[in-house]
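Results of the structural survey
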Amino acid sequence: MAITVTGLSKSFGGRPVLRDFSARFEEGSVSCIFGPSGQGKTTLLHLLMELLAPDGGAIEGIGDQRIGAVFQEDRLCETLSVLRNIRLVCRKGVPDEEILTHLQEVGLRDSAYKSAGELSGGMKRRVALVRAVIVRPDVLLLDEPFKGMDAATKADAIGYLRRRAPKATVLLVTHDREDAGQLGAAQIIELDA
Amino acid sequence: MMRSTTRGKTLLVRAGAVAFWLLLWQLMSMLIGQDILLVSPLRTLAVLGQLAGSGEFWQSVLHSFVKIAFGFLLAIAGGSLFALLSYKNRVVRELLYPLVTVIKATPVASFVILALIWIKSQNLSVFTSFLMAFPIAYTNLLSGLQETDPKLLEMAQVFGVSFGKRLLYIHLPAVSPYFVSACSLSVGLCWKAGIAAEVIGLPARSVGSALYQAKIYLQTGEMFAWTLVIILVSLLFERAVLYVIRLLQNRIERM
């Protein structure tokens, strides 16, 4: 189902962050959102996640869809193992082997039983990506998901994303314009002042 | 290796400190020279040995332990439940605020004397230790719940994580240090207040009653021996509680 955003606006402490933003995200498409810091990219994702309420405008078509998300921060439970962090969001009955296969695909199978706090920044990012993808989302909201990854790891992560979530509607916030090409983005959105 | 050496040194220093105070106590009692005023540590141990030979001693210790431990566990369970309800519902939080404040500020003696009108003296120490531990458990756990990382809760909301899983894997790690601190703080208080209640209420076969009897007959040696028992049982109980909590924490982290 396509997502339609109409005239969306949001302010924090009287300072407008997102102004009259409209867009349509087709079902199964990849859209990349670029723009300098503070122009409302993360705010837009949080509005789509319903973590924030808009000051004005409307969002249609996302309500009943299953969402997978990579946040700007990793948002992992540091004391829990990588496996447990991922299991936390899974439905009942997902076998460990399935989670381990996903971790294998992003090069983290050996780290499955380590606590998340022991991982490097790039590894945590990959765990967050697996967590978003494993729920078989209809919509993937990704905020700088490849931050802290070297070129090879990033290529693996993009390959994993395309392989495991081929039908998801993807909204990707990134600073790297090459990501749009590698993910086959159908739509580029520039948010600026 | 280095860690065990440091631990060994710490234990040695602590043992030295204990030995210093025991020696000072022994010297003071020798200086005063009257057992009725200050009995020596050696005499206290001797009296304790005599007391431990009777079945009544163990019955009294068991009675007081069961009642005080029950009051403590009830308070921890009740404090946890109400902290959770207060966290979820502001009305509950505001309703409980004056009650918890009053419980915290009211002297133990007032509660005990009032409680004697309502309940049997046999159960007085359950009630008193409950009242000591409840506000600590409630306040600490509520603080822990409120300190839970809101970003993790947002993540859970987006992924539709169930309340049970949130509680176990997001709230519990945040609450854990507060819970340990609440248990550690309240165990000692429960014993102090529980025994005080027994001294006032005089339930049959209890440590408090024995302490009172010893005071009536000016048996200072027995008073010291019973006090030593209270300290030892309280410390052992605290250690046991903290050990169980650590076991549970490890188990949850490994799940």
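As the structure is a prediction and not an experimental result, all values here were calculated from the model.

The secondary structure content of chain B amounts to 10 helices and zero strands. Counting from the amino terminus, helix and strand elements in chain B follow one another as α-α-α-α-α-α-α-α-α-α. Overall, the C-alpha framework of chain B stretches about 75 × 60 × 30 Å when taken along its three principal axes. When the 255 residues of chain B are sorted by exposure, 38% land in the buried category. When contacts within chain B are restricted to residue pairs at least 6 apart in sequence, long-range pairs at least 24 apart make up 73% of them. Accessible area of chain B: about 14,800 Å², with a carbon and sulfur share of 70%. If the 21 positive side-chain charges of chain B are averaged to one point and the 10 negative ones to another, these points end up 5 Å apart.

Here Arg75(A), not a glycine, exhibits a phi torsion of approximately 50 degrees, which is positive. Owing to a relative accessible area of 7%, Arg75(A) belongs among the buried residues under this scheme. A positive phi angle, close to 50 degrees, is found at Leu202(B), a residue other than glycine. You can see Leu202(B) is positioned in the loop between helix H8 (163-201) and helix H9 (207-216). In this structure Leu202(B) comes out as partly exposed when scored by relative accessible area, which is 36%.

Turning next to the packing of aromatic side chains. Summed over all chains, the structure comprises 10 aromatic pairs over all chains. Aromatic pair Phe134(B) and Tyr138(B): ring centres 6.1 Å apart, planes at 15 degrees, arrangement stacked. Of the two residues, Phe134(B) and Tyr138(B) are both situated in helix H6 (residues 124-146); the distance of four residues between them amounts to about one turn of the helix. A single burial state applies to Phe134(B) and to Tyr138(B), both of which are buried. Through pairs of rings, three or more aromatic residues link up here, namely Phe65(B), Phe72(B), Trp191(B) and Phe237(B). The lysine or arginine in question, Arg177(A), covers the ring of Phe34(A), its NZ or CZ lying 4.4 Å from the ring centre.

Residue and element names in this part refer to chain B. In terms of domains, chain B is made up of domain 1 (1-33) and domain 2 (39-254). Distance between the C-alpha centres of domain 1 and domain 2: 28 Å. Listed by partner, the interface residues are four residues for domain 1 and six residues for domain 2. Buried area between domain 1 and domain 2, summed over both chains or domains, comes out near 400 Å², and the portion from carbon and sulfur atoms is 70%. If you look at where domain 1 meets domain 2, you find zero salt bridges.

Right, let's talk about the nonpolar core for a bit. The biggest cluster of nonpolar side chains holds 79 residues, and the ones touching the most others in it are Phe21(A), Leu48(A), Ile86(A), Leu103(A), Leu140(A) and Phe146(A). Broken down by element, this core gets its largest block of residues, eight residues, from helix H4 (residues 121-134) of chain A. Membership of the second largest hydrophobic core comes to 38 residues, among which are Leu48(B), Phe72(B), Tyr138(B) and Phe237(B).

Where the parts come together, the accessible area they lose is often given as the size of the interface. Of the residues lining the interface, 14 residues belong to chain B; the matching set on chain A comes to 22 residues. Interface of chain B and chain A: buried area, both sides summed, is about 1,700 Å²; carbon and sulfur atoms make up 64% of it. Among the residues of chain B in contact with chain A, Val158(B), Phe159(B) and Tyr169(B) are the three that bury the most area, contributing 39% of the side total. Run the count over chain B and chain A and you get two salt bridges. A salt bridge links Glu154(B) to Arg75(A); its shortest N-O distance comes to 2.7 Å. Scanning the region where chain B abuts chain A turns up seven residue pairs in polar contact (both at pLDDT 80 or more).

Let's shift gears to the UniProt feature "domain: ABC transporter" (unreviewed entry) in chain A. In the numbering used here, UniProt assigns the feature "domain: ABC transporter" (unreviewed entry) to residues 3-191 of chain A. Secondary structure within residues 3-191 of chain A divides into 30% helix and 26% strand; the distance between the first and last C-alpha atoms comes to 18 Å.

Before going further, it helps to spend a moment on the pattern of salt bridges. A side chain of one charge can pair with a side chain of the opposite charge if their charged atoms are brought near each other. Residues and elements named next belong to chain A. Taken as a whole and judged by the stated rule, the model has 17 salt bridges over all chains. Between Arg136 and Glu98 there is a salt bridge, and its shortest N-O distance comes to 3.4 Å. Linking Arg136 in the loop between H4 and strand E6 (139-143) with Glu98 in helix H3 (residues 96-105), this pair joins segments that are 38 residues apart in sequence. Owing to a relative accessible area of 63%, Arg136 belongs among the exposed residues under this scheme.

This part takes up the side chain of Asp74(A). Residue and element names in this part refer to chain A. On the secondary structure map, Asp74 appears in the loop between strand E5 (67-70) and helix H2 (82-87). A polar atom in the side chain of Asp74 sits 2.9 Å from the side chain of Arg125. With near-sequence residues (within four places) excluded, Asp74 lies in contact with Lys124, Arg125, Ala128 and Arg131.

Let's shift gears to the UniProt feature "domain: ABC transmembrane type-1" (unreviewed entry) in chain B. UniProt marks residues 57-241 of chain B with the feature "domain: ABC transmembrane type-1" (unreviewed entry), using the numbering shown here. Between the C-alpha atoms that bound residues 57-241 of chain B the distance is 24 Å, and the span itself is 88% helix and 0% strand.

What follows is about helix H4 (residues 90-105) of chain B. Residue and element names in this part refer to chain B. Over its 16 residues, H4 extends 23 Å from the first C-alpha to the last, a length consistent with the 22 Å expected when each residue adds 1.5 Å. The largest bend in H4 is about 30 degrees, located at Leu96, with the proline Pro98 one to four residues further on. Those residues of H4 that sit buried are Leu96, Val100 and Ile103. Looking at the packing, one finds that the buried side of H4 touches helix H3 (55-88), helix H5 (108-118) and H6. You can read the cap of H4 off the contacts: a side-chain oxygen lies 2.8 Å from the backbone nitrogen of Val91, and it is on Asn89.

Residue and element names in this part refer to chain A. The parallel open sheet is built from five strands, whose spatial order is E5-E6-E7-E3-E8. Lying at the two open borders of the sheet, with one neighbouring strand each, are E5 and strand E8 (187-190). In this sheet, adjacent strand axes meet at a mean angle of 15 degrees when their direction is disregarded. Those strands touched by H4 are E5 and E6, and its axis lies near 175 degrees from that of E5.

Conventions used here
- Residues numbered from 1 in each chain as written.
- Chains lettered and ligands numbered in written order.
- Predicted model: local features only at pLDDT ≥ 70, side-chain atom pairs only at ≥ 80, totals over all residues.
- Heavy atoms only, no water.
- Helix = DSSP H or I, 4+ residues; strand = E, 2+ residues; numbered from the N terminus.
- Buried < 20%, exposed > 50% of the residue type's maximum accessible area, 1.4 Å probe, protein only.
- Contact = heavy atoms within 4.5 Å.
- Areas by Shrake-Rupley, 256 points an atom, 1.4 Å probe, with all protein chains shown as cover.
- Lys, Arg positive; Asp, Glu negative; His and termini not counted.
- Charge placed at Lys NZ, Arg CZ, Asp CG, Glu CD.
- Phe/Tyr/Trp six-rings, centres within 6.5 Å; stacked < 30°, edge-to-face > 60°.
- Lys NZ or Arg CZ within 6 Å of the ring centre and 35° of its normal.
- Domains from an automatic or database assignment.
- Buried area = accessible area lost by both parts, 1.4 Å probe.
- Salt bridge = Lys/Arg side-chain N within 4 Å of Asp/Glu carboxyl O.
- Core = buried A, V, L, I, M, F, W, Y, C linked by side-chain atoms within 4.5 Å.
- Polar contact = N/O pair within 3.5 Å; in protein donor to acceptor, adjacent residues only side chain to side chain.
- UniProt positions renumbered as here; feature names shortened; annotations may be inferred.
- Expected span 1.5 Å × (residues − 1).
- Bend = angle between axes of the 7 residues up to and from the residue.
- Pairing = 2+ DSSP bridges.
- Axes fitted to C-alpha atoms, helices over the stretch in contact; angles between N-to-C directions.

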